[in-house]
Amino acid sequence: MPFSNPAPFHLLLKKWPTAIICWLVSLSIPVFAEEEPQFPEDVQIRYHVPVPMRDGVELATDVYLPDSSGGPFPTLFVRDIYSNGASAVRQRYAKLATASGYAFVFQICRGRYDSEGDWYPYFQEQNDGDDGLSWIAKQEWSDGQVGMFGSSYLASVQWLAALNDNPALVAIAPGVSPGNYYRDVAYPGGAFSLLSRASWGIGLAGSRTIMSYPISWETSVEHLPLKTLDKSLGFDVRHFQDWLDHPNYDSYWKPLNLEVRAPEMSVPALNIGGWYDAFLRSTIGSYVTMTKEARTERARQNQRLVIGPWPHGWNRKTTTGDLDFGPDALIDWDRLHLDWFDHWLKGEEVEEQAPVQIFVMGDNVWRDEYEWPLARTEYTPFYFHADGSLDSVTPEGEVSPLSYVYDPTDPVQTIGGNIMRTQVRGPRDQRPLDDRKDILRFSTAPFEEKMEITGPLTVNLYASSSAKDTDFMAKLVVVRPDGFSFNLADGVIRARYRQGFEQPVLIEPGEVLLYEIDVWATSYVLQPGERLRVDITSSNFPRLNRNPNTGAAFGETTEMQSATQTIHLSETYPSHIVLPVIPKKD
């Protein structure tokens, strides 16, 4: 039977006040149950055990045992770059694990804090994670069964360790996890994820420990050329330079596309994500590819997906951006994870439940589903019209196109979205952008009754440009009767990557081309009186780097020029968004 919760999912939802939760550089921290766990009276702790990797580098590793009996115990394993294990949140992990009868092992990743070696993101975690698992399995206190959990980078190391198919790794619980590092982490739609990769990639490189340098990232990333950004801030960061040296999906990135590597993995996974998380596309992608392509039937049948109304700092408070999703928006992190690991590591019986739980925004309720995308979805094109309307009526005849001028020296500012930066992420009021002339807006009439859209979103845009290369962006927006408008989802395609991300092809100025924009996914029920709107533009700064419109090699130019962008709306060129409409129940 596919694994799921031992009780209906709504029983795991828990009201939680908007308490202050410790926040560590881009690290997601979940909300826990109200009762604070404590170490067992007989807990055994050993700090900074030097664990050798296959190349001789030793990683500082803390071991917590539930009691002095010597075990053997099943083990929960966390690998971290953000803490040396002394923080309250990490100590809480150790308390919860040992209080629940698990050994807990906390390992500092290579090159961070007290672990030897040099830190380079991602690539070394596959073998280091595998070596850590093998070391645990050989210990006298271990029963040979290990589960891994954690979010963001702490989730990445789980998937990377799973590639080696270590027999000790029984189950994982990755939260807000990247899975295709080119498409999600560095180059969504081919455009560089500027603010995130600069503040994280450069900001973490200055020390083995977390330190805050006096850098205003929002303004610092205006620097050109992009390839000297780290040096302009006083750093020389090898991995940041490597990211910029590989703007195409090439041999550098392919080992980090964990979605296509699903056939190498055979581990059950509890995938947790958020509708406004920077890695939503990968959370869904990992679930889908593992259910279809994982190496074993056991793994394929035992994937779970939980998506809430959260940003990258998932499950922290009921409010995300400018919206409050109510008390049911939060889950009991403790119970969810313990139920998962109690089943896989202790063999406890569980009731069969739906493998997918999603929070349906608008109605603000959790719902069980049995697949993703939902089998009953009606994919419905909504067309853009020259009068600014948006509906399911196909354009007829020749219609005059609409144009705007994209000036990269005056880009559209980032307001909301699937971004890590706390100050701008999530659903945000879009009205500050209303006076801009470089955004085309297409809006439905107010809905007379509820309509649900749940699933993947795609914009098919017929466009031409006066430039050799440029960007096209689409944002799906909800407009309420009082005029308040907020973003649901957005996406981008860099023109040179319209035919694929491996080989860039510049465009012929003036040529009408079809651009398919991946707008990722959402789940929202439109209420009577609300409208849907699609905004089309060419910049989203500083979330994404500005396309200079010159066709120059990526990151090497200071020259920028304006481009006239023309959106075509005729019967021949029917630009539209495909909405995943969920039919009403009879």
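Computed from a prediction, not measured in an experiment: that's the story for all the values here. (Residues numbered from 1 in each chain as written. Predicted model: local features only at pLDDT ≥ 70, side-chain atom pairs only at ≥ 80, totals over all residues. Heavy atoms only, no water.)

Attention now moves to the overall build of the protein. When helices and strands are tallied, the protein shows 11 helices and 23 strands. Taking 2.2 N^0.38 as the reference for a compact globule, 586 residues should give roughly 25 Å; the C-alpha atoms of the protein span a radius of gyration of 24 Å, in line with that estimate. Summarising its shape, the C-alpha atoms of the protein cover approximately 80 × 60 × 40 Å along the three principal directions. Per-residue burial for the protein yields a buried fraction of 63% across its 586 residues. Sequence-distant contacts in the protein: of pairs separated by 6 or more residues, those separated by 24 or more amount to 76%. With the model as given, the accessible surface of the protein reaches about 21,300 Å², and the carbon-plus-sulfur share is 49%. The protein carries 51 positive and 77 negative side-chain charges, and their two centres are separated by 2 Å. (Helix = DSSP H or I, 4+ residues; strand = E, 2+ residues; numbered from the N terminus. Rg over C-alpha atoms; globule rule 2.2 N^0.38 Å. Buried < 20%, exposed > 50% of the residue type's maximum accessible area, 1.4 Å probe, protein only. Contact = heavy atoms within 4.5 Å. Areas by Shrake-Rupley, 256 points an atom, 1.4 Å probe, with all protein chains shown as cover. Lys, Arg positive; Asp, Glu negative; His and termini not counted. Charge placed at Lys NZ, Arg CZ, Asp CG, Glu CD.)

What follows covers the UniProt feature "domain: Xaa-Pro dipeptidyl-peptidase C-terminal" (unreviewed entry) in the protein. Under the UniProt annotation, the feature "domain: Xaa-Pro dipeptidyl-peptidase C-terminal" (unreviewed entry) is placed at residues 338–578. From the first C-alpha to the last, residues 338–578 spans 39 Å; its make-up is 4% helix and 38% strand. (UniProt positions renumbered as here; feature names shortened; annotations may be inferred.)

Domain annotation of the protein identifies domain 1 (44–182 + 258–364), domain 2 (193–245) and domain 3 (378–582). On the side of domain 3, 27 residues touch domain 1, which itself brings 24 residues to the contact. Across the domain 1/domain 3 interface, buried area totals approximately 2,000 Å², and carbon plus sulfur atoms make up 61% of it. Among the residues domain 1 hides against domain 3, the three largest losses belong to Tyr276, Asp322 and Leu323. Together they make up 28% of the total. Our count for the contact surface shared by domain 1 and domain 3 stands at two salt bridges. Taking the shortest distance from any N to any O, the salt bridge between Arg428 and Asp322 comes out at 3.8 Å. Connecting domain 1 to domain 3 are nine residue pairs in polar contact (both at pLDDT 80 or more). At the level of elements, helix 9 (280–293) and strand 11 (356–360) are the ones that each hand at least two residues to the side of domain 1 that touches domain 3. Residues belonging to the side of domain 1 that touches domain 3 are distributed by class as follows: 14 nonpolar, five polar and five charged. (Domains from an automatic or database assignment. Buried area = accessible area lost by both parts, 1.4 Å probe. Salt bridge = Lys/Arg side-chain N within 4 Å of Asp/Glu carboxyl O. Polar contact = N/O pair within 3.5 Å; in protein donor to acceptor, adjacent residues only side chain to side chain. Nonpolar A, V, L, I, M, F, W, Y, C, P; charged D, E, K, R; others polar.)

The four strands lie next to each other as 16-21-18-19, forming an open sheet whose pairing is antiparallel. In this open sheet, the two strands that pair with only one neighbour each are strand 16 (440–443) and strand 19 (485–494). Across the sheet, the mean angle separating the axes of adjacent strands is 20° when strand polarity is ignored. (Pairing = 2+ DSSP bridges. Axes fitted to C-alpha atoms, helices over the stretch in contact; angles between N-to-C directions.)

This part is about the packing of aromatic side chains. Each aromatic ring pair is summarised here by two numbers: the centre-to-centre distance and the angle between the ring planes. On inspection of all chains with the given rule, the structure shows 42 aromatic pairs. Note on Trp200 and Trp243: the rings are 6.4 Å apart at their centroids and 15° apart in plane angle, and the pair reads as stacked. One end of the pair, Trp200, is in helix 5 (residues 194–202); the other, Trp243, is in helix 8 (residues 238–245), and 43 residues separate them in sequence. Of the residues examined, Trp243 reaches a relative accessible area of 2% and is grouped as buried. Ring centres 6.0 Å apart and planes at 40° place the aromatic pair Trp275 and Trp372 in the tilted group. (Phe/Tyr/Trp six-rings, centres within 6.5 Å; stacked < 30°, edge-to-face > 60°.)

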